[in-house]
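In case you want the letters, here they are:
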Amino acid sequence: MQTTIIGLTKELLNCGVFSHLLDDEISNLHQLIFNAQKNAGFMQLLPLVSYWYKGDYFNSDVPHCLLQKSNEHLQRLGQPLIETYSMEGFFEIC
């Protein structure tokens, strides 16, 4: 699950989900990814997952299925889902 969470966080980053964040926050996210890749502990993943809640999933460059993938992993971890007001495109096949 660790590589999946790291991979999904990288995918979210590459698709611009976090592009609205300040440079310091983006830098911190990169450092968290680096640390999570080095250390195999579950506790290294929680800060990454917390960034998912800061994401802008309505950016035109972001595939709608990324929100669905994120919520699937959050559900497995027993974390609250990322709720949105618009469900348009949410059920798009990923």
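Residues numbered from 1 in each chain as written. Predicted model: local features only at pLDDT ≥ 70, side-chain atom pairs only at ≥ 80, totals over all residues. Heavy atoms only, no water.

Our focus in this paragraph is helix α3 (residues 45–52). Residues of α3 that are buried include every one of Leu45, Leu48, Val49, Tyr51 and Trp52, and no others. Buried residues of α3, seen end-on, are gathered within an arc of 150 degrees and therefore sit on one face of the element. (Buried < 20%, exposed > 50% of the residue type's maximum accessible area, 1.4 Å probe, protein only. Helix = DSSP H or I, 4+ residues; strand = E, 2+ residues; numbered from the N terminus. Arc of directions from axis to C-beta.)

The next thing to look at is the packing of aromatic side chains. All told, the structure shown has one aromatic pair when counted by the stated rule. Here the aromatic rings of Phe18 and Tyr51 are separated by 6.3 Å at their centres, their planes lie at 85 degrees, and the arrangement is edge-to-face. Residue Phe18 is found in the loop between α1 (2–14) and α2 (23–38), and its partner Tyr51 is found in helix α3; the two are separated by 33 residues along the sequence. Each member of the pair, Phe18 together with Tyr51, is buried. (Phe/Tyr/Trp six-rings, centres within 6.5 Å; stacked < 30°, edge-to-face > 60°.)

Here Gly16 lies in the loop between α1 and α2. C-alpha of Gly16 to C-alpha of Asp56: the two residues are 40 residues apart in sequence and 8.0 Å apart in space. Aside from chain neighbours lying at most four places away, what touches Gly16 is Asn59 and Val62. (Contact = heavy atoms within 4.5 Å.)

Our next topic: the packing of α2 against α3. Put simply, α2 and α3 touch, their axes get as near as 9 Å, and they point 145 degrees apart. Regarding α2 and α3, the two cross each other, and that crossing is left-handed. Each of Glu25, Asn28, Leu29, Leu32, Ile33 and Ala36 in α2 lies in contact with α3, whose residues at this interface are Leu45, Pro47, Leu48 and Tyr51. (Axes fitted to C-alpha atoms, helices over the stretch in contact; angles between N-to-C directions. Left-handed = near helix turned anticlockwise from the far one by under 90°.)

Once that is clear, we can look at helix α4 (residues 65–77). Along its 13 residues, α4 runs 19 Å from first to last C-alpha, staying within 8% of the 18 Å computed at 1.5 Å per residue. Of the positions making up α4, those classed as buried are Cys65, Leu66, Leu67, Ser70, Asn71, His73, Leu74 and Leu77. Backbone geometry just after α4 places Gly78 at a positive phi near 75 degrees. (Expected span 1.5 Å × (residues − 1).)

To continue, consider the environment of Ala36. Looking at where Ala36 falls in the secondary structure, it is placed in helix α2. Sequence separation between Ala36 and Leu48 is 12 residues, and the spatial gap between their C-alpha atoms is 8.4 Å.

What follows deals with the nonpolar core. Taken as a class, soluble globular proteins show a tendency for nonpolar side chains to be buried jointly. Of all hydrophobic cores here, the largest spans 25 residues; its most connected members are Leu12, Phe18, Leu29, Leu48, Trp52 and Tyr57. Elements with a minimum of two residues in this core: α1, α2, α3 and α4. Once residues within four sequence positions are removed from consideration, Leu12 is found in contact with Val17, Phe18, Trp52, Tyr57, Leu66 and Ser70. (Core = buried A, V, L, I, M, F, W, Y, C linked by side-chain atoms within 4.5 Å.)

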